[in-house]
Every structure is written in structure tokens, then in C-alpha cells.
Amino acid sequence: MVDSSFGALLRECRTTAGISMGELAKRVNYSKSYLSKLENDVKPPNPTLARLCDAVLDAGGALIDEARSARERIDAGNGPVGVARGPILADADAALGMALAGHRPVGAMPSELAMAGLRMSFEHLRVVGTQTSPLVVREPLIAQVRAVRALAVANREPARSRLLSLAARIAEYVGWLSQESGAESAALWWTRHAAELAGASGDDDIVSYALVREAGLALYRQDSITTVELARRAQRVRRAGRRTIGLAARREAQGHALAGDRGACERAFDRAAELFESATAESLAYPVLGSTAPGPLELARGWAFADLGHAAAAAAVLDRALDRVPVTHRRTRARFGTRRSLAYALAGELEQSCRSLTETIDDVTHVDSATVHMDLRELARSLGRWRGHHAVREIYPELNRLLRRA
């Protein structure tokens, strides 16, 4: 590709892909008029839009690189860039175009009651997300991110930082739901966008936790090295709360287990337990990051035992931990219930495996999770070796139904 500017390259990539400007605007959730300004070099590119367009147009990173180069040229012409807030908030019109696709928000500072209402709206959708398909709540939450982000741009401090922090928290959860929907690239984009928003607000807890989430994506790819590296980076974020660092240590332990390093795994879990126990009330303040289900360390430890080859121990730990998880936490019960069934299967306890799967099926059906279905496929492969066993023979049609539904 030959290009002289971001706008020219964007137009060339869009034309090559055979996508109209209107269609591109729909796919990246920007206004058509804003994209027109970019193509005509009236507006400078921003990293977020460059990533979106690069993915939609299959530009292989060319748009991302050109946007970075364009930003460097602008920064070189304007002198040193200030604090890390610049890339997101320096151009208010760009952020508003990203937020509301052409609709400008009211600039009044939200009251405490309004702020509480925004948080409550998110929490209600989050509760629904623990019990049903991610597709039910993902789009409403994306709309919330845009609205809260737009309010942040339209307001001054301290409301701006508080709103950006809330937008970052919602964006992080959208990343999780994207992963649960089977859209890993979208999950990565939303997770990194959450880190950008959190960096702009000065919320190091979410900056750290976004790395924990990204490490989780690596964990599901079976990439132990990247899992550990990202989890360690999360623990080095300054001013992150002890609970968040504990979540990062837990993720590091899972990475070590995936690599088969039991000693490092146990040390990381011990460190996570100490951090959780010493977490102060301040570090537990809103927004709560990670699962709100009880016993997060024991649930993770149970599965780590399975990765380390201790299937019977894994099943025993998961049995105890799942007894503490309320029925309202369907997603957690589906995930770790499936893993418990697999642990029993790996341990050769076929009747226990099938019995625990029977207890889990209803939760699996409700939450429609791509990550749970990954474990179900592994469970089907494990149980498939024992198709003649009476318990396996009885449960296998239902297991196949779940997999076909996925």
C-alpha cells in the first residue's frame, strides 16, 4: 500500500475491502461525518478508531501503525505531551464521536444521585450477566460505556475522572462478556480500551485488572508463558489495591499450573491469599473487580490442581468451593461445575463425573458461555473413552445436545 496520510490509507483500505463509509461507520460505532473528516485529514486519527478500522478492514496493522506515526508527528509539532490523559481526552470532539456516533451529550455535571444511578444501572446488568447469555446484556453495556464516556468528556474534574473510571469498569466487563461470547479479538480490544480509560482517570486498580483479564485470555489459549508475564505486570502496577494484586497473583498461579510448575503455583497462591486477607476497606470499594462469587481462590486452586495432574484433589477442592457458590451465580457454577465433572472424569470417577454434570447442565444452558463450552468439549472427549459405561451412556446424549447448541 502507498499512502501519504492516515486519511488516504483509510480510504484506500476501505475501497479495497469494498465497504462504504456508512457501513464502516456502523461497524466501528462512529458517525459517518466523523469518518469523513478522518479520510479528508480534517481530524487526526486516534488509536481506538485505528484499531477498530484496522480489524474491520483487515489492514494487517497498517492503520494502527499510521495512526501511531501521525500522533507522533502531531506531538513533535506541539511539544512534549503531558500526562497519560492526553491520548483519550485531548480531542473532545473525537471522543464524543466515538462515544455517541454524532450525538453530543448534555454537559451538566452529574449529581451524586445521578452517579449512583449510573452505577446501579451497570450493577443490575452485571447481575443479569451472571445468570444468562452474554448476548442479552453485552449491547446495553456497550451503550452504557459510550454514554458514560461522553459524559466524562463533557465534564470537568473531579466528575470526569469518576466517570472515566466507571466507563473503564463497564468496558472491562464488556471485554469479559465478549470472551464469553467467543469473540476473543473483541475481548482483547475492550480489555485494552478499559485500560486506556482507567489510565486517563488515574484508576490503577482497573489498569492492573485489565492485565489480569488479558492474562486470562492467554490462559484459555493455553499460553502459560504469556499468562505469567501479564499477571506479573499486573502486580507491578503502582497504587493498585491489594485485592487486585491478589487477583493478579491468582492468575500467575494458574499460569504456573498450566506450565506444570507446582512450586511456583503454590507460592503464587500463598501470596494471593495473603493479599486477599490484608485487603483494606479502601481496596474493596466500588468498583469491585473480578467475580463476586465467594471463594475465588479455592475455585482457581481446584482447577490448578487439575492442570498439575492432580485430578482427584481438584475435584475435592471444587466440590467444597462450589458448595459455597449461591444458585444465583449461574456462570460461576456452570464454569466450575463443568470443570469439576472433568476433574472427576480425569480421575476415573465416571459416576461422580456424570452426576456432577447432571447438576450443572441447567446452569450451562442458561449462561451460554463459549469458555464453558470449551471445557464441555474436553469433557466429551474424556467421557467418550468410556461410552460403554452405563452412567456415561445415559448422560452422553445430553452432553451432545449442549455441544450442538453451542
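All values derive from a computational prediction rather than experimental measurement.

Rules used in this analysis
- Residues numbered from 1 in each chain as written.
- Predicted model: local features only at pLDDT ≥ 70, side-chain atom pairs only at ≥ 80, totals over all residues.
- Heavy atoms only, no water.
- Helix = DSSP H or I, 4+ residues; strand = E, 2+ residues; numbered from the N terminus.
- Contact = heavy atoms within 4.5 Å.
- Expected span 1.5 Å × (residues − 1).
- Bend = angle between axes of the 7 residues up to and from the residue.
- Buried < 20%, exposed > 50% of the residue type's maximum accessible area, 1.4 Å probe, protein only.
- Disulfide = S-S within 2.5 Å.
- Salt bridge = Lys/Arg side-chain N within 4 Å of Asp/Glu carboxyl O.
- Core = buried A, V, L, I, M, F, W, Y, C linked by side-chain atoms within 4.5 Å.

Colleague: When you look at the environment of alanine 272 in this model, what are you seeing that I'm missing?
Modeller: For alanine 272, the location among the structural elements is in helix H15 (residues 262–277). Taking the C-alpha atoms as reference points, alanine 272 and glutamate 252, separated by 20 residues in sequence, lie 9.3 Å from one another. In contact with alanine 272, other than residues within four places in its own chain, are Gly246, Ala249, Arg250 and Leu297.

Colleague: It is not clear to me how helix H19 (residues 350–367) should be interpreted in this structure. Could you clarify?
Modeller: An α-helical turn contains 3.6 residues, so a residue and the one three or four places further along point in the same direction. The end-to-end C-alpha distance of H19, which contains 18 residues, comes to 25 Å, matching closely the 26 Å that a straight helix rising 1.5 Å per residue would cover. Its axis deflected by about 45° at threonine 360, H19 carries its strongest bend there. All buried positions along H19 are accounted for by Leu350, Ser353, Cys354, Ser356, Leu357, Thr360, Ile361, Asp363, Val364 and Val367. Here the buried face of H19 lies against helix H9 (134–154), helix H18 (330–346), helix H20 (370–384) and helix H21 (390–405).

Colleague: Looking at this structure, how should I read the state of the cysteines?
Modeller: Throughout this description, disulfide means a covalent bond between two cysteine sulfur atoms. Counted under the stated rule, the structure contains zero disulfides. Take cysteine 53: it sits in no disulfide, and the sulfur closest to it among the cysteines is that of cysteine 13, at 9.2 Å. A relative accessible area of 0% places cysteine 53 in the buried class.

Colleague: So what exactly am I meant to see when it comes to helix H11 (residues 184–201) here?
Modeller: Between its first and last C-alpha atoms H11 spans 26 Å; for 18 residues at 1.5 Å apiece the expected length is 26 Å, and the two agree. Those residues of H11 that fall on the buried side of the exposure criterion are Ala187, Trp189, Trp190, Thr191, His193, Ala194, Leu197, Ala198, Ala200 and Ser201. Positioned one or two residues after H11, glycine 202 has a phi angle of 80°, which is positive.

Colleague: What's the story with the pattern of salt bridges in this structure? I'm lost.
Modeller: Pairs can form between side chains of opposite charge whenever their charged atoms are close. Counted under the stated rule, the structure contains 24 salt bridges. In this structure, the salt-bridge partner of aspartate 363 is arginine 333, at a minimum N-O distance of 3.6 Å. A residue pair is termed long-range when its members are at least 10 positions apart, and aspartate 363 in helix H19 and arginine 333 in helix H18 qualify at 30 residues. On the accessibility criterion, aspartate 363 (8% relative accessible area) is buried.

Colleague: How should the nonpolar core be read in this particular structure?
Modeller: Across soluble globular proteins, nonpolar side chains have a tendency to be buried as a group. Counting 74 residues, the largest nonpolar core has Leu35, Leu63 and Leu141 as the members making the most contacts within it. If one sorts the elements of this core by residue count, helix H10 (residues 159–180) sits on top with eleven residues. Contacts of leucine 63, omitting those with residues within four sequence positions, involve Phe6, Leu9, Leu10, Cys13, Ala50, Cys53, Asp54 and Leu57. Of all hydrophobic cores here, the second largest spans 35 residues; its members include Phe305, Val367, Leu383 and Leu399.

Bear in mind that shape data such as this cannot, by itself, settle questions of function.
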